[in-house]
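Close look at the chain arrangement
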Amino acid sequence: MGIAALVGTPIKRREDPRLITGQATYVDDLKLAGMLYMAVLRSPYGHARIRSINTEAARQAPGVVAVYTAQDLKGVVGSIPVAAPLPPHITNGMGRRGPLAEGKVRFYGDPVAVVIAESRYGARDALDLIEVDYEPLPAVVDPEKAAQPDAPLLYEEFGTNVAASVHPPTDEIDRVFAETQANGGVVVKQRIVNQRLAPSPMETRGVVAEFRKADRTLTVWSSSQIPHLLRNYLAEQLGLPQHQVRVIVPEVGGGFGCKLNIYPEEALAAFAAMKTGRPVKWIEDRSENLAVTIHGRDQIDYVEVAATREGKITGLKVHVVSDLGAYLQFFTDVIAIAFTLPMICGCYDIPVAYGSCDIVFTNKAPTDAYRGAGRPEAAYIAERAVDLVAHALGKDPAEVRMINFVKPEQFPHKMATGTVYDSGNYQLALEKAMQLIGYQQLRAEQAQLRAQGKLMGIGISSYVEICGIGPKGLTPFGLYESARVRVDQSGDVLIYTGASPHGQGEETTFAQIAADEFGIPIERVLVLHGDTDSTPEGRGTYGSRTTAVGGTAVYNAVQKLKEKMKQIAAHMLEASPADVTLEDGRFSVTGAPQKAVTFAEVAAAANFSNTLPPGIEPGLETTVFFEPEACTFPFGTHICVVEIDKDTGEVHLRRYVAVDDCGRQLNPLLVAGQIHGGIVQGVGQALFEGVVYDENGQLLTSTFMDYAMPLASELPPFELDHTVTPTPYNPLGVKGVGEAGTIAATPAVAAAVADALGLPHVDIPLTPERIWRIIQQQQAQPQA
Amino acid sequence: MIPAAFEYHPATSVDEAIALLSQYGDDAKLLAGGHSLLPTMKLRLAQPAHLIDIGRIPGLSYIREEQGAVAVGALTTYATIERSEVLRRHFALLPECASVIGDPQVRNRGTIGGSISHADPSADMPGAVRALRAEIRVRGPNGERTVAADDFFLGTFTTALEPGEIVTEIRFPLPPARTGSAYTKLANKASHYAVAGCAAVVTLGADGTCTAASVVITGAGTMPTRASTVEAALVGKQLDEATVAEAASHAAEGLELMEDIHGSKQYRAQMAAVMARRAILKAAERARG
């Protein structure tokens, strides 16, 4: 009996039984002997000078072991790591901070002091006893105002809030716009706002740090996406050798990018553990999570697009104002420049594209990578641009897309931005989505409903995004991934991945890869991750890279072991290795299938026997690093239908169709899961979510009573389909799917609402009052 | 989200709870379902030194028809109200209102007595209780008294309860024949409290003319507020769409409007009218049977 191929089949996630029966261990489940608890005192102001801090009463409070402020960390704990500091100002220290605020607080929630106490309650109570004398300062929360010369300054010594700017010469794009207009074409302009979002994973952040003074070893359990990066940077921050720091990432209840960071609390808990000699735990509460864990998006984009009367886009000019918030987290400064600007052309073969950018500090929480990280902004820009052209020319948005798509035969294709796309068939995905939703009938129905005064809209989003980072040169450090694969004496396979799955399901997909390649049942394969002491150096899980990069490392490691096992099998079978094949877990000799040894027999021989062929080392274990030569570019088309309640402005999502192409699908069930979750988060941005600060930098959305998350009851069933266009850049042909749904959904819903209202553009989030105001305006000024 | 320290007192009877309330005065809070109080405590917006748990007092959760009224015990949960056949038969608006409060977890814990005592201006239940002209039975150190719902709500988080008093029962007088009721709300997309909600009760004469109307707006204003102008514009009329729309357009009159990131005053005023129109039309349809 042959073993069914697992790759490509929708098998259930192997990690789920422990997760859904409450048997999994998260950071907050850890209880160590003698453990202390940390609570963080945070700024109630958006911007203020710290005149003094008096911790005396807090230190005297029952159960309090220590209180630390920035004074205590001076010269002992380094600043929060930043992956790629940009010139001119960030390289000179602008936006850098220690774990606790010194001299000034720059956003609501800025950490000022920590209490270490015998209980979590005692630690929290003692916070109220710390007296901080603040001198409130004028705050600036609008990035465009912050860029003005008279704006309050976050970092006075730099004389500006603008950390960096990219402004290439505009000659070429100006010429294209002028020519297009001279030839009777159109140039359409629109300012679009991509609002600030709170990633809101189900599990907030948390850390436990334990320091063994005898041999100065630090163990940190953290709810993180990047165990190795965290270990390396934390060691640097604390002045410890890397091998004396161990990071363990237990189960993680969602990250969405916000845990792709090294946060103040990790160093603070570690510092406290080193000082007290006792384990220290900190668990973020929900309001802290909404206030101080990184936020996402927050861009203002000025889009100008030129097109011929026929709808062929001739040029695209985009200026991005990126709101960094008050400080830099890991990738804060490069989101717009490295991930938005290179992708502004979307799926479209635009001859000339121009991108400029200002990245600006404001008195708000730091922004950073949130599901999509710069690419949702780019997709939103590109999709809005195409719809603006369609609206201006009175053409169907599907038609304008078809006219402008990069054609399948053009791949690999260098875009006007310089980005080289690997493979794609954008037209096919759009056609499939249109067919699935019944596009032409919907347009007919829309015309009928309009005649009855009803508001129904159809929105298309043909997205492309960038995954599988990353090739050399994209960041200052290599973004490879690693796998150590071991076949033990009984023929069981252990995979240690340097990636750090936290809900994506690679314990299943990586096992599928190895089981298929070895021809053994999946039950014989175990995937381990998240412990820097046992896993090879890795770069973590984010950017939809883990299967494309980490999965390839697993695949390559398995190939290496297969080769070695073939040599051992050949020796056992007294055949030439070239004549030995592995199929269904049996090594047999070509032409003499009865001459065979099993996978387990070879594994036993390799690990146990003293009769290995000459030159072959005992054991079956290898570590492989994989650094891709290029990125992958998943794509697809989502189409949705909305209806608007004219009385209230509420948007009702009636149908949602998604056709996605993530290359080869290793497990269609997991692909569908990623698409479903992704769509929900994208719809959340379009309709509900938004972090709001008042003009003084006070956070108005500090609980889920005010920050609106999407609910299942507000969503229709999603109708999914796919196309398969493998990437040539890895042997699995996989592109990545973790962020696709989010990237696609926001523009689709935004387009549908604008379509329903007959407008070129409406800013997100499309909240009831915003829509209601537009309808009121339209009713007050009937169209001529 | 760690509350300040408090002393916990599980009361076993109403009298014991009253005694505890009298003893600790302003330092004490009553805990019923806890779904309004506990979040407030976790945010340290409330820091009561004493928490008197009345949730375990037996005999305060019931729905029974008696003496021309339906009596609902103060500790009856929203989930129980939502599923009550007796209530559905007489006052469709009550189960309808309960069904749109929070989520199933909230409805399984939250109580009607807790909701009206808390008097959150955006809560749903106070508007329903007022529209149905309920009588609220309270007990305190000086014995028992009954307060009409119209006299019970005094302002934002403020009721007619005297120190030491506890709501024990809400009595809904049985409606005359051809009475219909409905609750509609525009929910805040985050909290799902009402940005604007309307509880409406109408009684029709044999010829379909409206003989009585009770319309209360919640969410939009600083307290659940009776829309007297709307009521007056309905009585004596046939409740066709145009009449109801005209009447409902006065829904915000007399409201002290609230404003936050989920709705401006202008929007809330307009939504009060929209919700009133919808609730009244639905109530009228139910009244017609």
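Residues numbered from 1 in each chain as written. Chains lettered and ligands numbered in written order. Predicted model: local features only at pLDDT ≥ 70, side-chain atom pairs only at ≥ 80, totals over all residues.

1. Remarks on the overall build of chain A
Across its full length, chain A holds 20 helices and 28 strands. Relative to a compact globule of 784 residues, whose C-alpha radius of gyration would be 28 Å, chain A shows 28 Å and is just as compact. Its C-alpha atoms put chain A at 90 × 75 × 50 Å along the principal axes. Taking all 784 residues of chain A together, 57% fall into the buried category. Excluding contacts between residues fewer than 6 apart, the proportion of contacts in chain A whose partners are at least 24 apart in sequence is 81%. (Helix = DSSP H or I, 4+ residues; strand = E, 2+ residues; numbered from the N terminus. Rg over C-alpha atoms; globule rule 2.2 N^0.38 Å. Buried ≥ 20, exposed ≤ 12 C-beta atoms within 10 Å, placed from the backbone. Contact = placed C-beta atoms within 7 Å.)

2. A closer look at the sheet that holds strand 14 (residues 313–325) of chain A
All names here are of chain A. If you trace the five strands from one edge of the open sheet to the other, you get 7-15-14-13-8, paired in mixed fashion. The sheet is open, and its two edges are formed by strand 7 (162–166) and strand 8 (186–197), each paired on a single side. Here the strands of the sheet are splayed against their neighbours by 10 degrees on average, with no regard to which way each runs. Where strand 7 meets strand 15 (residues 352–361), four bridges bridge the pair, whose relative direction is antiparallel. (Pairing = 2+ DSSP bridges. Axes fitted to C-alpha atoms, helices over the stretch in contact; angles between N-to-C directions.)

3. Digging into the sheet that holds strand 4 (residues 104–105) of chain A
All names here are of chain A. An order of 4-2-6 is seen for the three strands of this open sheet, with the pairing classed as antiparallel. Both edges of this open sheet fall to strand 4 and strand 6 (131–136), since each of them pairs with a single strand only. With two bridges connecting them, strand 2 (residues 48–54) and strand 4 associate as antiparallel partners. The residue of strand 4 that forms the bridge with Ala48 is Val105.

4. Focus: the domain arrangement of chain B
All names here are of chain B. Considered domain by domain, chain B is made up of domain 1 (63–173) and domain 2 (179–288). The C-alpha-based centres of domain 1 and domain 2 are spaced at 19 Å. Taken together, the 22 residues of domain 1 in the interface contact 25 residues of domain 2. Going through the elements one at a time, helix 5 (93–99), helix 8 (125–131) and strand 8 (153–155) are the ones with two or more residues in the side of domain 1 that touches domain 2. Among the elements that take part in the side of domain 1 that touches domain 2, helix 8 stands out by supplying five residues, more than any other. (Domains from an automatic or database assignment.)

5. As for helix 17 (residues 599–608) of chain A
Residues and elements named next belong to chain A. The complete set of buried residues in helix 17 reads Phe599, Val602, Ala603, Ala605 and Ala606. Buried residues of helix 17, viewed axially, fall in a sector of 160 degrees; they line one side. Looking at the buried positions of helix 17, the neighbouring elements they touch are strand 19 (481–487), helix 15 (506–518), helix 16 (546–573), strand 23 (586–589) and strand 24 (592–598). (Arc of directions from axis to C-beta.)

6. What to know about unusual backbone geometry
Cis rather than trans, the peptide bond between A:Phe411 and A:Pro412 has omega equal to -5 degrees. Looking at the secondary structure, you find A:Pro412 in the loop between helix 12 (397–404) and strand 16 (413–414). Going from A:Ile764 to A:Pro765, the amide bond is cis rather than trans, its omega being -5 degrees. For A:Arg297, which is not glycine, the phi dihedral falls at a positive 55 degrees. As for its placement among the helices and strands, A:Arg297 is situated in strand 13 (residues 296–307). A positive phi angle, close to 55 degrees, is found at B:Ala119, a residue other than glycine. Accessibility expressed as a C-beta count within 10 Å gives 22 for B:Ala119, which makes it buried.

7. Quick notes on the environment of A:Glu203
Residues and elements named next belong to chain A. Examined against the element boundaries, Glu203 turns out to sit in the loop between strand 8 and strand 9 (206–212). Residues Glu203 and Ala373, 170 residues apart in the sequence, show an inter-C-alpha distance of 20 Å. Each residue touching Glu203, except ones within four places of it in the same chain, is listed here: Tyr26, Ser223, Val252, Gly253 and Gly254.

8. Description of the interface of chain A and chain B
Chain A puts 20 residues into the contact, and the matching count from chain B is 14 residues. Of all the secondary-structure elements, those providing two or more residues to the side of chain A that touches chain B are helix 4 (120–127), helix 9 (286–292) and helix 20 (768–780) of chain A. For the side of chain A that touches chain B, the residue count by class is ten nonpolar, two polar and eight charged. (Nonpolar A, V, L, I, M, F, W, Y, C, P; charged D, E, K, R; others polar.)

9. Side note on the domain arrangement of chain A
Residue and element names in this part refer to chain A. Assigned domains of chain A: these are domain 1 (31–137 + 202–254 + 259–292), domain 2 (296–470 + 630–780) and domain 3 (480–626). Taking only C-alpha atoms into account, the centre of domain 1 sits 41 Å from that of domain 3. On the side of domain 3, 14 residues touch domain 1, which itself brings 14 residues to the contact. Looking at the side of domain 1 that touches domain 3, the elements with two or more residues in it are helix 7 (227–238) and strand 11 (245–248). When residues in the side of domain 1 that touches domain 3 are grouped by element, the largest group, four residues, is from helix 7. Looking at side-chain class alone, the side of domain 1 that touches domain 3 contains nine nonpolar, three polar and two charged residues.

10. Topic: the pairing of strand 20 (residues 493–497) of chain A
Residue and element names in this part refer to chain A. Of all five residues that make up strand 20, four are buried, and the element is covered over most of its length. Between strand 19 and strand 20, which pair antiparallel and follow one another directly, the connecting turn spans five residues, one of which, Gly491, has a positive phi of 85 degrees. Here strand 20 pairs with strand 21 (residues 525–529) via five bridges, running parallel. Paired with Ile495 across the bridge in strand 21 is Val527. For the handedness criterion, the β-α-β arrangement of strand 20, helix 15 and strand 21 is classed as right-handed. (Right-handed = clockwise from strand over helix to strand, strands pointing away.)

11. Structural notes on the packing of helix 12 of chain A against helix 13 (residues 426–437) of chain A
Residues and elements named next belong to chain A. Interaxial distance between helix 12 and helix 13 falls to 10 Å at its minimum, and their mutual angle equals 160 degrees. Here helix 13 runs roughly antiparallel to helix 12, going by the angle between their axes. Relative to helix 13, the crossing made by helix 12 is left-handed. The residues of helix 13 that touch helix 12, namely those facing Ala398, Arg401 and Met402, are Gln427, Leu430 and Met434. Of the residues belonging to the contact of helix 12 with helix 13, the class tally is four nonpolar, one polar and one charged. (Parallel < 35°, antiparallel > 145°, perpendicular 65-115°, else oblique. Left-handed = near helix turned anticlockwise from the far one by under 90°.)

12. Examining helix 16 of chain A
Taking 1.5 Å per residue, 28 residues should reach 40 Å; helix 16 of chain A reaches 38 Å between its end C-alpha atoms and fits that length. When you tally the buried positions in helix 16 of chain A, you get 20 out of 28 residues, the bulk of the element. (Expected span 1.5 Å × (residues − 1).)

13. What to know about the environment of B:Phe6
Residue and element names in this part refer to chain B. Examined against the element boundaries, Phe6 turns out to sit in the segment before strand 1 (7–10). Phe6 sits in the partly exposed class, given 17 other C-beta atoms within 10 Å. Apart from residues no more than four positions distant in its own chain, Phe6 is found in contact with Pro48, Ala49, His50 and Leu51.

14. Examining the confidence of the model for chain B
Fine structural detail should not be taken from predicted coordinates in areas where pLDDT scores are low. The pLDDT averaged across chain B works out to 97; a share of 100% of its residues lies at or above 70. Scored as a whole, the predicted complex attains pTM 0.96, and scored at its interfaces, ipTM 0.95. (pLDDT = per-residue confidence, 0-100.)

15. Notes on the environment of B:Ala177
All names here are of chain B. Mapped onto the elements of the fold, Ala177 is located in the loop between strand 10 (166–173) and strand 11 (179–187). For Ala177, a count of 10 C-beta atoms within 10 Å gives the class exposed. When the C-alpha atoms of Ala177 and His90 are compared, they prove to be 9.8 Å apart, with 87 residues separating the residues in sequence.

16. Re the pairing of strand 28 (residues 718–722) of chain A
All names here are of chain A. Of the pairings in the sheet, the one linking strand 27 (residues 651–661) to strand 28 comprises five bridges and is parallel in character. Bridge pairing in strand 28 links Val659 to Asp721. Handedness of the crossover joining strand 27 and strand 28 through helix 18 (residues 668–688): right-handed.

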